[in-house]
Amino acid sequence: ALVNYSLRVARLSNPEATTKWPEKVKVEFTRRLDRSVEPDPRFSTTLGRYLPNLYYLDGQWVECNINRIFPKKIEEHWQAAMEGYLLGSRVYSHIYDLISGNNHYAKAVVTDFPSNEITKRLIHHLCVGYLLEKEDLRDKGSPFHKCVDRWNTEDILEMIWFFWTQREYLVEKEASNTQANQVELVSKQKARILDFWRVVFEVLRNKGEYTESEEKIASNLATLSCYLKALDDENLGWLKLSAKYVEKNFNSSFFIEYLLRLCDVSISQVGIVYLEMLEYNTPTYHQDHIRGIVTKLYEAGEIEAANRICNIYGSCGIDFLRDVYERYNP
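Residues numbered from 1 in each chain as written. Predicted model: local features only at pLDDT ≥ 70, side-chain atom pairs only at ≥ 80, totals over all residues. Heavy atoms only, no water.

Asker: Can you help me understand the nonpolar core in this one?
Answerer: The nonpolar side chains of a soluble globular protein tend to be buried with one another. Counting 103 residues, the largest nonpolar core has Phe-70, Phe-144, Met-159, Phe-163, Phe-196, Leu-224 and Tyr-274 as the members making the most contacts within it. Sequence-distant contacts of Leu-224, defined by excluding residues within four places in its chain, comprise Ile-160, Phe-163, Trp-164, Ile-193, Phe-196 and Trp-197. (Core = buried A, V, L, I, M, F, W, Y, C linked by side-chain atoms within 4.5 Å. Buried < 20%, exposed > 50% of the residue type's maximum accessible area, 1.4 Å probe, protein only. Contact = heavy atoms within 4.5 Å.)

Asker: Looking at this model, I keep getting lost on the pattern of salt bridges. Mind explaining?
Answerer: Where charged atoms from two side chains of opposite charge approach closely, those side chains can pair. Enumeration over the complete set of coordinates arrives at 20 salt bridges. For Asp-58, the salt bridge goes to Lys-26, with nearest N and O atoms at 3.0 Å. With a gap of 32 residues between them, Asp-58 in the loop between helix H4 (51–57) and helix H5 (59–69) and Lys-26 in helix H2 (residues 23–32) connect regions that are remote in the sequence. Relative accessible area serves as the criterion here: at 2%, Asp-58 is assigned to the buried category. On the accessibility criterion, Lys-26 (19% relative accessible area) is buried. (Salt bridge = Lys/Arg side-chain N within 4 Å of Asp/Glu carboxyl O. Helix = DSSP H or I, 4+ residues; strand = E, 2+ residues; numbered from the N terminus.)

Asker: How do you make sense of the side chain of Glu-83 when you look at a structure like this?
Answerer: Within the secondary structure, Glu-83 is located in helix H6 (residues 75–86). Excluding anything up to four places from it in sequence, Glu-83 contacts Phe-113, Pro-114 and Ile-118.

Asker: It is not clear to me how the packing of helix H9 (residues 116–131) against helix H11 (residues 153–165) should be interpreted in this structure. Could you clarify?
Answerer: Geometry of a packed helix pair, given as the angle between the helix axes and the separation of the axes. For the pair H9 and H11, the least separation of the axes is 10 Å and the interaxial angle reads 55°. When the axis of H9 is compared with that of H11, the two are oblique. When you trace H9 past H11, the crossing you get is right-handed. Counted together, Thr-119, Lys-120, Ile-123, His-124, Cys-127, Val-128, Tyr-130 and Leu-131 of H9 and Asp-155, Glu-158, Met-159, Trp-161, Phe-162 and Phe-163 of H11 form the full contact between these two elements. A breakdown of the residues in the contact of H9 with H11 according to their chemical character gives nine nonpolar, two polar and three charged. (Axes fitted to C-alpha atoms, helices over the stretch in contact; angles between N-to-C directions. Parallel < 35°, antiparallel > 145°, perpendicular 65-115°, else oblique. Left-handed = near helix turned anticlockwise from the far one by under 90°. Nonpolar A, V, L, I, M, F, W, Y, C, P; charged D, E, K, R; others polar.)

Asker: Would you take a moment to explain the packing of H11 against helix H13 (residues 212–221) for this structure?
Answerer: H13 packs onto H11 with a crossing angle of 10° between their chain directions and a minimal axis gap of 10 Å. Of the possible angle classes, the one that applies to H11 and H13 is roughly parallel. Here Thr-153, Glu-154, Ile-156, Leu-157 and Ile-160 of H11 lie close against H13, whose contacting residues are Ser-213, Glu-214, Lys-216, Ile-217, Asn-220 and Leu-221. Classifying every residue of the contact of H11 with H13 by side-chain character gives five nonpolar, three polar and three charged.

Asker: How do you make sense of the layout of surface pockets when you look at a structure like this?
Answerer: The rolling of a water-molecule-sized probe over the atoms marks out the regions of remaining empty space. In this structure, the largest pocket encloses a volume near 370 Å³. Every residue lining the largest pocket is counted, 18 residues in all, and those nearest its centre are Asn-116, Thr-119, Asn-152, Glu-154 and Asp-155. Mapped onto the lining of the largest pocket, the elements with two or more residues apiece are helix H8 (104–109), H9 and H11. The biggest single contributor to the lining of the largest pocket is H11, with five residues. Of the residues contributing to the lining of the largest pocket, the split by class is six nonpolar, six polar and six charged. For the second largest pocket, the full set of lining residues is Ser-89, Arg-90, Val-91, Arg-121, His-124, Val-128, Trp-161, Phe-162, Thr-165 and Gln-166. Along the lines of polarity and charge, the residues of the lining of the second largest pocket split into four nonpolar, four polar and two charged. (1 Å grid on protein atoms, 1.4 Å probe; cavity = no way out; pocket = protein on both sides within 12 Å on 5 of 7 lines; lining within 4 Å. Points joined across faces, edges and corners; volume = space filled by probe spheres on them.)

Asker: Sorry, what's going on with the environment of Asn-329 here?
Answerer: On the secondary structure map, Asn-329 appears in the segment after helix H19 (322–328). Taking relative accessible area as the criterion, Asn-329 reaches 26% and is therefore assigned partly exposed. Taking the C-alpha atoms as reference, Asn-329 lies 47 Å from Leu-185; in sequence the two are 144 residues apart. The residues touching Asn-329, leaving out its near neighbours within four places in the chain, are Tyr-298 and Asn-307.

Asker: It is not clear to me how the packing of aromatic side chains should be interpreted in this structure. Could you clarify?
Answerer: For any pair of aromatic rings, geometry is given as the distance between the ring centres together with the angle between the planes. Under the counting rule described, the total for this entry stands at 18 aromatic pairs. When the centroid spacing of 5.1 Å and the interplanar angle of 65° are considered together, the rings of Phe-163 and Phe-196 count as edge-to-face. Of this pair, Phe-163 sits in helix H11 while Phe-196 sits in helix H12 (residues 180–205), and the two are 33 residues apart along the sequence. Taking relative accessible area as the criterion, Phe-163 reaches 0% and is therefore assigned buried. A residue is classified by how much of its surface remains accessible, and Phe-196, at 0% relative accessible area, is buried. Here the aromatic rings of Tyr-210 and Tyr-245 are separated by 5.6 Å at their centres, their planes lie at 55°, and the arrangement is tilted. (Phe/Tyr/Trp six-rings, centres within 6.5 Å; stacked < 30°, edge-to-face > 60°.)

Asker: Teacher, can you tell me more about unusual backbone geometry here?
Answerer: Glycine aside, residues mostly have negative phi angles, and peptide bonds mostly take the trans form. A cis amide bond links Tyr-285 with the next residue in sequence, His-286, at an omega value of -5°. Even without being a glycine, Asn-103 presents a positive backbone phi close to 65°. Tracing the backbone shows Asn-103 in the loop between helix H7 (93–101) and H8.

The following block contains the structure:
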């Protein structure tokens, strides 16, 4: 109630003021940072939850008291504050820097939170930090690196999912000079996602046998092919691995859609990947995307690959490609 009251006061006060909340409220919050005065962890949860609002009210107060808001030596209150913060709706760059600079993300990575949802939100925060170049995949001191390196498969799956959900925002469009920086940023963020894929692929490749969760990782990596502009020798290997397990986590429809996009620039490689997938399963959804790939293979002169795809489906009693086959094999 006091936070909401203070935000209302702030909206009616001088926007240029360094501190925007009522002095009495500020004094009371400062007093309660002493957990012997305020032992209830729900106060700490409130501090974490409303941290961006508190920063708006008085950024200097938050910066000076960040390690009292998140008291590392009082585990119950630290976890309560971190849970409130992680379950917030947005990640703010300046607050991320403040939390990271005081090693609270580093502590969170090795903390066993009671809720999976909190752990997922921590992963999302670190993924945002990684995309904004605040985390280094190859820096052993980076919390993001530590998350990848410890190889908790559920965390890796959550990272892949989060990066895939960014596809609608990471769109490179023709831009004016004023938008050029944004285009460059998007390009860098896509490159960082592909670098993440490269590292995870190397871990998988060095394993002899996969657990069920690791097979799901290989499957989910296929969704990141939405960020590929063309296929080369390196990422062809990535896709061939994913093709083997793509149905393990029901990703074939997305995979086929993204392969169709790549047909115009890497048609022969698409044929190789598709045939690799058919060694292990015969997806039928979406049929229009599959027909599109086969048609493009025929039109590009990849007759052998196209015929093999049609024949494999036909041998399984699936004949939605029959008319395409007959059109190009009169």
